[in-house]
Amino acid sequence: MTPREASRREAPAPRVAVLGSGSWGTTFGKVLADGGADVVMWARRAELAHEIREGKRNSQYLPGINLPRGLSATHHLAEALDGATQVYIAISSQALRQNLKGVRPLLATNDAPIVSLMKGVEKKTGLRMSQVLEQELHCDPARIAVASGPNLALEIAREQPTAAVISSSSQETAEAVARISRNRYFRTFVNTDVIGTEFGGVLKNLIAVAIGIVDGVGYGENTKASIITRGLVEMTDFAVAQGAQPETLQGLAGLGDLIATCQSPLSRNNTAGRLLGQGYSFTEVVKQMDQTAEGLASVAPVLQLAREAGVHMPIVEQVKMVLDGTMNPRDIAPHLTTDDDEPTEERTQNGSGGSGSALRRAFQRALDQFRHGGGRPPRD
Ligand SMILES: NC(=O)C1=CN([C@@H]2O[C@H](COP(=O)(O)OP(=O)(O)OC[C@H]3O[C@@H](n4cnc5c(N)ncnc54)[C@H](O)[C@@H]3O)[C@@H](O)[C@H]2O)C=CC1
Ligand SMILES: O=C(CO)COP(=O)(O)O
């Protein structure tokens, strides 16, 4: 236990709720409990709530992991939310809105920060999860935070050292959340770029599907490195067109998560891509997946938003074509093969600022961090 954790242990433990007891919700509950919080998980199924509460296990989603004593569970939403000073949500993105209908009346008299742990966009509306939260809970965006970063659940559940970023339009909310959601193996940074942080998590899933396809067809490292590098440019172009700061995409929620998800066989998006590359159809892949691969549902709304903003996303377009069965996975490349053959500049930097201004911004951030000392959660 770190000195910070020890001093927190002496203060009354903050009571937090985690809605969703899949692999990420349960892992995040463990992170919070290991950091000193008193955590109540909400699970849809009574048996799962019972297993977590009594057996301190979630054998379906986190085999082999012992859960801490400070983590309990219920399948009654009201019980999970009663007295919660922070609420974390980790259910699949397409199910969020319908679930919030039951949450809203229970939070009506509560001003607890609401934290999205999710990395998808809503298929019907193209909205990010923080936007769905804002709409359905009718709450001030300053109360909402999102957590993102290279956060493969099973590695964190095994207590392997990891970093993440907590983002909110309110610095105060981001810091309040970051203080609770950290422990000796999980370090949280903060920023106020919610759009960049959320889209980083959404977009890296799509590039991870592309990398899975490459693995599935048996191509090697050059293809993967080319797609990851050009993928980051696509992610940045898209996110900036939606209002993100380009730096965020170079941080934990962008590049960091892109590396983790593209490299790891633990990634469900990567796994889904691999199956597509091996020749399985979209329907067959969905049947084989027993956990959420958000990228499969996010690809169409992301491309729609890209079209509306005039952003070119050749890699994501190819993922869509493979999903639709209109492109042979073996044709996947860092460019569209229908693009013209004229040589183009390799543009790695978004906007007109060029590398000089990016460096200046990075330097300014480092200076700000230094000036503000170590007491507050640092910005990513
Ligand atoms: N597993 C991971 O490594 C990470 C996952 N995430 C994100 O967390 C979110 C949740 O993912 P996981 O926990 O990994 O998925 P999962 O597949 O392990 O669990 C999904 C959860 O959503 C719930 N759910 C699904 N449909 C539902 C419905 N109709 N109503 C109520 N609950 C429903 C399930 O009961 C389960 O609790 C996703 O957006 C994912 O991108 C983010 C970081 C890491
Ligand atoms: O978001 C994740 C890692 O940061 C998890 O990725 P998958 O959803 O592809 O498993």
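Owing to the predicted nature of the structure, the values given are computational and were not obtained by experimental measurement. (Residues numbered from 1 in each chain as written. Chains lettered and ligands numbered in written order. Predicted model: local features only at pLDDT ≥ 70, side-chain atom pairs only at ≥ 80, totals over all residues. Heavy atoms only, no water.)

A.B. asks: What exactly am I supposed to notice about the pairing of strand 1 (residues 15–19) here?
C.D. replies: In summary, the side chains of a regular strand alternate between the two faces of the sheet. With five of five residues buried, strand 1 lies mostly within the body of the structure. Neither face of strand 1 is open: one carries R15, A17 and L19, the other V16 and V18, and all of them are buried. Here strand 1 runs beside strand 2 (residues 38–42); their pairing, made up of five bridges, is parallel. Paired with V16 across the strands is V39, a residue of strand 2. Here four bridges tie strand 1 to strand 4 (residues 86–89), and the two strands are oriented parallel to one another. Its bridge partner being in strand 4, V16 is matched across the sheet by Q86. (Buried < 20%, exposed > 50% of the residue type's maximum accessible area, 1.4 Å probe, protein only. Helix = DSSP H or I, 4+ residues; strand = E, 2+ residues; numbered from the N terminus. Pairing = 2+ DSSP bridges.)

A.B. asks: I would appreciate a short explanation of the pairing of strand 8 (residues 186–191) in the present structure.
C.D. replies: Counted residue by residue, strand 8 has five buried out of six residues, so it is predominantly covered. Sheet topology places strand 7 (residues 162–167) next to strand 8; six bridges connect them, and they run parallel. Opposite I166, over in strand 8, you have V190 as the bridge partner. Following the backbone out of strand 7, through helix 8 (residues 171–180) and into the adjacent parallel strand 8, one traces a crossover that is right-handed. (Right-handed = clockwise from strand over helix to strand, strands pointing away.)

A.B. asks: For this particular structure, what's the right way to read the packing of aromatic side chains?
C.D. replies: To describe a pair of aromatic rings, one takes the distance between the centres and the angle between the planes. One pass over the full model with this rule turns up four aromatic pairs. For the ring pair F28 and Y88, a centre distance of 5.4 Å and an interplane angle of 35 degrees mean the geometry is tilted. Here F28, found in helix 2 (residues 23–34), pairs with Y88, found in strand 4; they are 60 residues apart in sequence, far enough to count as distant. Judged on exposure class, the residue F28 and its partner Y88 are both buried. Taking the centre distance of 5.0 Å and the plane angle of 85 degrees together, the rings of F199 and F238 count as edge-to-face. Placement of F199 in helix 9 (residues 194–217) and of F238 in helix 10 (residues 221–241) is noted, with a sequence separation of 39 residues between them. Across the pair, exposure class does not vary: F199 and F238 are buried alike. Aromatic ring contacts, followed pair by pair, group W24, F28, Y88 and F186 into a single cluster. Its guanidinium or amino end placed over the ring of F189, R187 lies 5.4 Å from that ring's centre, counting from NZ or CZ. (Phe/Tyr/Trp six-rings, centres within 6.5 Å; stacked < 30°, edge-to-face > 60°. Lys NZ or Arg CZ within 6 Å of the ring centre and 35° of its normal.)

A.B. asks: Which parts of the structure should I look at to understand the site of ligand 2?
C.D. replies: Every residue near ligand 2 is listed here: K119, G149, P150, N151, L152, K204, D257, T261, L266, S267, R268 and N269. N151 places a polar main-chain atom, nitrogen or oxygen, 2.9 Å from an oxygen atom of ligand 2. Here an oxygen atom of ligand 2 sits 2.7 Å away from a polar atom, N or O, in the side chain of N269. For ligand 2, whose unbound accessible area comes to 310 Å², protein coverage reaches 92%. Of all the elements in the fold, those that place two or more residues in the shell around ligand 2 are helix 12 (252–263) and helix 13 (268–277). Grouping the amino acids of the shell around ligand 2 by side-chain chemistry returns three nonpolar, five polar and four charged. Residue assignment places the shell around ligand 2 across two domains, with domain 1 (14–192) and domain 2 (196–355) each supplying three or more. (Near = heavy atom within 4 Å. Polar contact = N/O pair within 3.5 Å; in protein donor to acceptor, adjacent residues only side chain to side chain. Areas by Shrake-Rupley, 256 points an atom, 1.4 Å probe, with all protein chains shown as cover. Nonpolar A, V, L, I, M, F, W, Y, C, P; charged D, E, K, R; others polar. Domains from an automatic or database assignment.)

A.B. asks: Please clarify how the UniProt feature "active site" (unreviewed entry) in the protein should be interpreted in this entry.
C.D. replies: Taking the UniProt record as the reference, the feature "active site" (unreviewed entry) is found at K204. In this structure, K204 sits in helix 9. With sequence-adjacent residues up to four places away left out, K204 is seen in contact with K119, M235, D257, L258 and T261. (UniProt positions renumbered as here; feature names shortened; annotations may be inferred. Contact = heavy atoms within 4.5 Å.)

A.B. asks: I would appreciate a short explanation of the UniProt feature "domain: Glycerol-3-phosphate dehydrogenase NAD-dependent C-terminal" (unreviewed entry) in the protein in the present structure.
C.D. replies: Annotation from UniProt places "domain: Glycerol-3-phosphate dehydrogenase NAD-dependent C-terminal" (unreviewed entry) at residues 193–332. Taken end to end, residues 193–332 has its terminal C-alpha atoms 32 Å apart, with 74% of it in helix and 0% in strand.

A.B. asks: Honestly, the domain arrangement of the protein in this entry has me stumped. Any pointers?
C.D. replies: By convention, interface size is frequently given as the accessible area that disappears when the constituent parts associate. Domain annotation of the protein identifies domain 1 (14–192) and domain 2 (196–355). Averaged C-alpha coordinates put domain 1 and domain 2 at centres separated by 26 Å. Counting residues at the interface gives 29 residues for domain 1 and 25 residues for domain 2. Inspection of the region where domain 1 meets domain 2 yields two salt bridges. Across the pair E198 and R128 runs a salt bridge, and its minimum N-O distance is 2.7 Å. There are ten residue pairs in polar contact (both at pLDDT 80 or more) connecting domain 1 and domain 2. (Salt bridge = Lys/Arg side-chain N within 4 Å of Asp/Glu carboxyl O.)

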